Amino acid sequence: MEFQTIGIREFNKYRKEPDTWVIDLRSKEEFEEVHVEGARNIPYEDLKMFRKYLPRDKRYLLYCDRGSSSLMAAKELSRDGYRTMTLVGGIQAAMQSK
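Residues numbered from 1 in each chain as written. Predicted model: local features only at pLDDT ≥ 70, side-chain atom pairs only at ≥ 80, totals over all residues. Heavy atoms only, no water.

Asks: Which parts of the structure should I look at to understand the pattern of salt bridges?
Replies: It is possible for side chains bearing opposite charge to pair when their charged atoms get close. Taken as a whole, this structure holds 8 salt bridges when the rule is applied. For Arg51, the salt bridge goes to Glu76, with nearest N and O atoms at 3.6 Å. Separated by 25 residues along the polypeptide, Arg51 in the loop between α3 (47-50) and β4 (59-63) and Glu76 in helix α4 (residues 68-79) bring together distant segments of the chain. Like Glu76, Arg51 is buried. (Salt bridge = Lys/Arg side-chain N within 4 Å of Asp/Glu carboxyl O. Helix = DSSP H or I, 4+ residues; strand = E, 2+ residues; numbered from the N terminus. Buried < 20%, exposed > 50% of the residue type's maximum accessible area, 1.4 Å probe, protein only.)

Given below as structure tokens:
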């Protein structure tokens, strides 16, 4: 299964859909400071541990600080059959669009 890289417009469209989970891959501290409304925090380092709790029938929108960790996570999850998309520019892009 492939993953997609998407821009902020697509991200904002998909994140409102009921079958979509937004995952913030940054640290708990970074997440508490600022995050996308409705996002769930799973730090990238903990993703393998939490993967078993992620339903396979959802779409996952992933973001991190600038996009590199979410790109790696999207590749890993898509190889395991998850539908994943990663936000180009990460939280930086999300905050600039407000």
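Asks: Is there a simple way to explain α4 in this structure?
Replies: For the α-helix, the turn length of 3.6 residues means that residues three or four positions removed from each other point alike. In a regular helix each residue adds 1.5 Å, so 12 residues correspond to 16 Å; α4 covers 17 Å between its end C-alpha atoms and thus fits that length. Within α4, the full set of buried residues consists of Ser70, Ala73, Ala74, Glu76, Leu77 and Ser78. In the core, the buried residues of α4 are packed alongside α3, β4 and β5 (83-87). (Expected span 1.5 Å × (residues − 1). Contact = heavy atoms within 4.5 Å.)

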